Structure formats: structure tokens, C-alpha cells
Amino acid sequence: MRHGHGIRYALLGVVSQNPAGVHGYALKRQCERILGNFWQLNFGEVYRVLDRLAQEGLIEQVLAESESNRKIYRITDKGQRSLDRFILAPPTDAPRPLRQELAVKLLFAGPGRLREVLHLIDHQRDAYMRQLHLLGVHRRKLRHAPVDGFVTNLLIDGAELSVRAELAWLDDVSQKLKERFTVTP
Amino acid sequence: MIEFRNVTKIFGASETTVRAVNDLSFACPRGAFWAIMGPSGSGKSTVLHLIAGLTPPTAGSVLVDGANVAKMTSAEAAALRRRRVGYVLQTFNLLPFLTTEENVGMPLVLDGVKQSEVDARVKEALAMVSMSHRAAHYPTHLSGGEQQRAAIARALVIRPAIVLADEPTGNLDRAGGRAIMDLIQDINEQTRVTVLLVTHDPVFAAYSQRVLRLVDGGLQQDMALPEEPGQPADGDLDLVG
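Residues numbered from 1 in each chain as written. Chains lettered and ligands numbered in written order. Predicted model: local features only at pLDDT ≥ 70, side-chain atom pairs only at ≥ 80, totals over all residues. Heavy atoms only, no water.

### Side note on the overall build of chain A
Definition in use: Elements are defined by DSSP. Helices are runs of H or I of four residues or more, strands are runs of E of two residues or more, and each kind is numbered from the N terminus. Here the globule rule is a power law, 2.2 Å times the number of residues to the power 0.38, and the radius of gyration is based on C-alpha atoms. Here's how the labels work: a residue is buried when its accessible area is under 20% of the maximum for its type, exposed when over 50%, partly exposed in between, all with a 1.4 Å probe on protein chains only. Note on areas: Shrake-Rupley, 1.4 Å probe, and residue coverage restricted to the protein chains presented here.
Helices and strands together make up the secondary structure of chain A, namely seven helices and three strands. Reading the secondary structure of chain A in the N-to-C direction produces α-β-α-α-β-β-α-α-α-α. Its C-alpha atoms give chain A a radius of gyration of 23 Å, more than 25% over the compact-globule value 16 Å for 185 residues. Projected onto its principal axes, the C-alpha positions of chain A cover 80 × 35 × 30 Å. A total of 185 residues make up chain A; the buried ones form 38% of that total. Accessible surface computed for chain A: about 11,500 Å², of which carbon and sulfur atoms make up 56%.

Below, the structure written as C-alpha cells:
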């Protein structure tokens, strides 16, 4: 999903979980807790998106009834309908395009640079293994964290599957390159 | 410390030889958790066999805590396996006519340890793998994951310096495999036992601190997997978008 699109509904969702309204600081904390596991949150962007949601009438800023006269964010009926439509609409995530930087390198490297290309593949494999390691570290932290990591675990599962596929592809590419251009050690 | 110095292992004779390990050198420090990956037939399991003294190298030396395994008599190699090296396999190899605790205690019984000591060590090992409640059950009444836990307890009961795990998740589903890997990781951290894991699964290899990738018996790639400073500390992996 496009980042802007996703963050918009993610924030709308967080606001909707506070039917009585939520003030800015609590909203920031909740965003970190709920989304921070899989989203690099830039709070400048968060507040810009909140402003936009308010302009479109999907959330409203009202004065808190009690204690202070702090402003709180609350979802509107229009916002709730928009969120419901989003939740049930088919995801817009597109399958990965048939495009890889490595493929471009392969097209123009030529057999003379096979050894270097194989080295690049090793380099890429190393990066993916590190990514898997970090995902594992993340999963482990989640296992010991006092929050429900159900959705984050699903995301980690998905990320692991795609890294696994990339690694299998790299193995395949290096095997086929060796077969085609037989390298002498 | 496990050290390979220019180790080559050739199986067979004359025209039908297979070079399973080819001039392999590495030094795995005590307490480390390393993984060995590579395609089938790349020599992964042979590396473990060489460490356990199950087969001698054709050339080079295999050192376990400074002792050259290649120069050991078969009795010395057997003692190494009985007292210092725990082995965990894809097939759990539990004896079906013995209970879990009897299976776990078997290496100590074979080594002539007295029964009261066996009982205490079995209890300790079963607790480490969270299998105390299954002590009196027979292997056929255990799930695959529980059988592997029992097999890991059997490897740990000797209080080994090294655990060699050859595709320990191979017969388990994803969740079961993950649980076994979590356990192996915890054991490595808690007991500082050196772990060498052979696996073809990159997700499980990534549990380790270093991955050796073998191709045709040689070291193709050596990948260190440190936690990058400041990386996922409080979780800011960008998994979407």
C-alpha cells in the first residue's frame, strides 16, 4: 500500500479506538504502541495527516469536556464510514513488479565479469540474512513484550516469507549463471 | 573452541571418490552459536560428523578444545561423544520401549554414572526443555515437537561443551520448528554451550550469530549476523510501505 494512504487509515483507526476522543500526546503514545512495531513514524507527518483528516471532516478537534481545555481528536460519522469502507475494500498492495536491480546488472555485465557478479549475489544474500536475523530479534522482543503482537507477528511472517523467496531466487540465479558460464575456480 | 585447519574429507576410492569437505578452515569460539547452510551434498553433515569423531578427515586437522579429533583412538572419540558432544538429529532417534526419562538418561547409564546422579541430571535436563510433565511417557505418545525436546534433553544431560544439531527442525512444521529454534537459542544463551546448527532453512539459520555457507564442501561465504547498533531496538523495522 502507498505509504500516505496506509498511514491515513492507520491514524483514523487509532482515533476510532478512542470513541470519547483522544488528546495529542496520548494519540502519539498509542500510535507508537500500535503502529510503531512495523511503521517508522515521523510525527511531523503524523500531525500533517491528522490536519488533513480534520479538513476532510473525517475527524474533529473538540475541547475536552472535563479538566483542562485541551483539544481532543474524535472520529466523525463520516470518518467511521470511510474507515469501514477501507477495512472491507480489497487491499491495493500490488504484487512486486518484475524488476530487480540485479537483473539490470546481469543484462550488461557480460560473462567476463561473472566472478564479480557472483560476488554481488553473495553480498545481496548477506544483506537478506541480516534482515532475517533482525526479524528474528524483533519477533523475540515481541514474545517478551507485554503487548499483543498478533498482527506484528503476521507481518513478520510475511516479511520472512518474502526474504526467503529472495534468497531462494539468489541461489537459483547463481546456480544457473555458473551452469551457463562455467566458472573455473 | 572448534577449529578446522585445511580439512578435506574424501569418501570412496579411485574413480568413485566424493570430495565431501574441501580444504575447509574455520574457528568457532566457545559459547558461540553458528549455522552451516548449503545445498544438499555440500558437506554440511560431514562437518558435524568430523567434529564428533564419527569419521576421520582425509587431510587437515579437526580440533575440539585443542584436542585433535583425527588423532584420537576410536575409544577416545567415543568418550568425546559421550561426555562432551551432544548430538541432535532430524529423526529424533528415541528408543520406543523406553520412557522419556529413560531415553534422556541413557547416555549417562551407558557411561556408568550412578543411578541417583542419573536421576538428578535427567530431571535437570527435562526441566530445561520444559518436558518434566512428560517424563513417564513413551515416545509414541509424544508429539514431534515433544520428541525433539526429549532428544535435546538427551543431548544436554551429559552437560556437553558442544551441541551439534543436524536439521533439528526437519521433521517439524513451521511453528514446531520455530519453537525448537527458540529453545536452542535460549539454551545457548543460558548455558553458553557451543551450538553448531546444520540447516537448509535461512529463517532458522538466521537465529545464529554467524552463518557458514558451504558449496561443494568448501566455504563459499561467511556471514556474521550482528544486531546492528540502534537497529530494531524498540522496533522500527519498516515491514510495510
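What follows continues from the structure just given.
### Overview of the nonpolar core
Using the following cut-off: Put simply, buried Ala, Val, Leu, Ile, Met, Phe, Trp, Tyr and Cys residues joined by side-chain atoms within 4.5 Å make one nonpolar core. In what follows, residue pairs with any heavy atoms lying within 4.5 Å of each other are defined as contacts.
Judged by nonpolar contacts, the single largest core of 61 residues is most densely connected at I121(A), M129(A), L132(A), V129(B), I152(B) and V211(B). The element contributing the most residues to this core is helix α6 (residues 114-144) of chain A, with nine residues. With residues near it in sequence (within four places) discarded, M129(A) still touches L167(A), M37(B), P202(B), A205(B), A206(B), V211(B), M223(B) and L225(B). Counting residues in hydrophobic clusters, the runner-up holds 27 residues, among them V47(B), L48(B), V69(B) and L214(B).

### Observations concerning unusual backbone geometry
Where the residue is not glycine, phi is negative for most of them; where a peptide bond is considered, it is trans in most cases. Residues and elements named next belong to chain B. With a phi close to 45 degrees, N6 is a non-glycine residue in the positive phi region. Tracing the backbone through its elements, the reader meets N6 in strand β1 (residues 2-11). The backbone of D65 shows a phi angle near 50 degrees, a positive value even though the residue is not glycine. Here D65 shows up in the loop between β4 (59-64) and β5 (67-68).

### As for the packing of helix α3 (residues 100-110) of chain B against helix α4 (residues 115-128) of chain B
Residues and elements named next belong to chain B. Which entries qualify depends on this criterion: Each axis is a line fitted through C-alpha atoms, and for a helix only the stretch in contact is used; angles between axes span 0 to 180 degrees, taken between their N-to-C directions. Working definition: roughly parallel below 35 degrees, roughly antiparallel above 145 degrees, roughly perpendicular at 65 to 115 degrees, and oblique for all remaining angles. The crossing is said to be left-handed when, going from far helix to near helix, the turn is anticlockwise and less than a right angle, and right-handed when the turn is clockwise.
Contact geometry for α3 and α4: axes closest at 9 Å, N-to-C directions at 125 degrees. Classed by the angle they form, the pair α3 and α4 counts as oblique. Of the two possible hands of crossing, α3 and α4 adopt the one that is right-handed. Within the contact between the two elements, α3 uses T100, E101, V104, G105, L108 and V109 and α4 uses V118, R121, V122, A125 and L126.

### A word on the confidence of the model for chain B
Residues and elements named next belong to chain B. For clarity, the cut-off: The pLDDT value tells you how sure the predictor is about a given residue, anywhere from 0 up to 100.
When pLDDT is averaged across chain B, the result is 91; 94% of the residues are at 70 or more. Within chain B, the lowest mean pLDDT, 89, falls on helix α2 (residues 74-83), and the highest, 98, falls on strand β8 (residues 194-198). Per-residue pLDDT stays below 50 along residues 229-241; that stretch engages in 33 contacts with residues further than four places along the chain or on separate chains. Reported for the predicted complex are a pTM of 0.83 and an ipTM of 0.84.

### Remarks on the sheet that holds strand β3 (residues 71-75) of chain A
Residue and element names in this part refer to chain A. Definition in use: In short, DSSP must find at least two bridges between two strands for them to pair.
Strand order in the open sheet formed by three strands is β1-β3-β2, with antiparallel pairing between adjacent strands. The open sheet has two edge strands, β1 (22-23) and β2 (59-63), and neither has a second partner. Bridge analysis of β1 against β3 gives two bridges, and the strand direction is antiparallel. Following the sheet pairing, H23 is matched in β3 by I72.

### Some details on the layout of surface pockets
To find leftover empty space, one rolls a probe the size of a water molecule over the atoms. All names here are of chain A. Which entries qualify depends on this criterion: In this analysis the probe radius is 1.4 Å and the grid spacing 1 Å, with only protein atoms considered; a cavity is a set of points the probe fits into but cannot get out of, a pocket is an open set with protein on both sides within 12 Å along at least five of seven lines, and lining residues have an atom within 4 Å of a point. Grid points are joined across faces, edges and corners, and a volume is the space filled by probe spheres set on the points. Following the grouping adopted for this structure description, the nonpolar residues are Ala, Val, Leu, Ile, Met, Phe, Trp, Tyr, Cys and Pro, the charged ones are Asp, Glu, Lys and Arg, and the polar ones are all others, Gly among them.
Here the largest pocket is characterised by a volume of approximately 960 Å³. Take the lining of the largest pocket: its biggest share by element is eight residues, from helix α7 (residues 150-181). Here the lining of the largest pocket is built from residues that sort into 12 nonpolar, 11 polar and nine charged.

### Structural notes on the packing of helix α5 (residues 144-156) of chain B against helix α6 (residues 174-191) of chain B
All names here are of chain B. Packing of α5 against α6 leaves a shortest axis separation of 10 Å and a crossing angle of 20 degrees. On the basis of their axis angle, the class for α5 and α6 is roughly parallel. Between α5 and α6 lies a crossing whose hand is right-handed. Contact residues: α5 offers G145, Q148, R149, I152 and L156, while α6 offers A179, I180, L183, I184 and I187. Its residues placed into classes, the contact of α5 with α6 shows seven nonpolar, two polar and one charged.

### Let's talk about the pairing of strand β10 (residues 218-224) of chain B
Residue and element names in this part refer to chain B. As defined by bridge partners, strand β9 (residues 210-215) adjoins β10 across six bridges and the pair is classed as antiparallel. Of the residues in β10, the one forming a bridge with R213 is Q221. Taking the residues that link successive antiparallel strands as the turn, the β9-β10 hairpin has two residues, and the phi of D216 there is positive, at about 50 degrees.

### A closer look at empty space enclosed by the protein
Applying the stated criterion across every chain, the model contains five cavities of 30 Å³ or more. Roughly 70 Å³ of volume is contained in the largest cavity. Forming the boundary of the largest cavity are V88(B), I152(B), A155(B), L156(B), V163(B), A165(B), I184(B), I187(B) and V195(B). When residues of the lining of the largest cavity are traced back to their parent elements, those giving at least two are α5, β7 (162-166) and α6 of chain B. A total of three residues in the lining of the largest cavity trace back to one element, the largest contributor, which is α5(B). Across the lining of the largest cavity, the residue classes break down as nine nonpolar, no polar and no charged. Here the second largest cavity is characterised by a volume of approximately 50 Å³. Lining the second largest cavity are L132(A), H133(A), G136(A), R139(A), E160(A), R178(B), V203(B), A206(B) and Y207(B). For the lining of the second largest cavity, the element with the highest residue contribution is α6(A), accounting for four residues.

### Examining the packing of aromatic side chains
We count it as follows: Between rings of Phe, Tyr and Trp, where Trp is taken as its six-membered ring, a pair exists when centres lie within 6.5 Å; planes separated by under 30 degrees are stacked, by over 60 edge-to-face, and by other angles tilted. Charge over a ring is defined by NZ of Lys or CZ of Arg lying within 6 Å of the ring centre and within 35 degrees of the ring normal.
For the structure on display, the rule yields four aromatic pairs over all chains. Considering the side-chain rings of F26(B) and W34(B), the 6.2 Å spacing of their centres and the 45 degrees angle between planes classify their relative orientation as tilted. A cation over an aromatic ring shows up here: R8(A) above the ring of Y9(A), its NZ or CZ 5.6 Å from the ring centre. One residue, K28(A), lies across the ring of F43(A), its end atom 4.6 Å from the ring centre.

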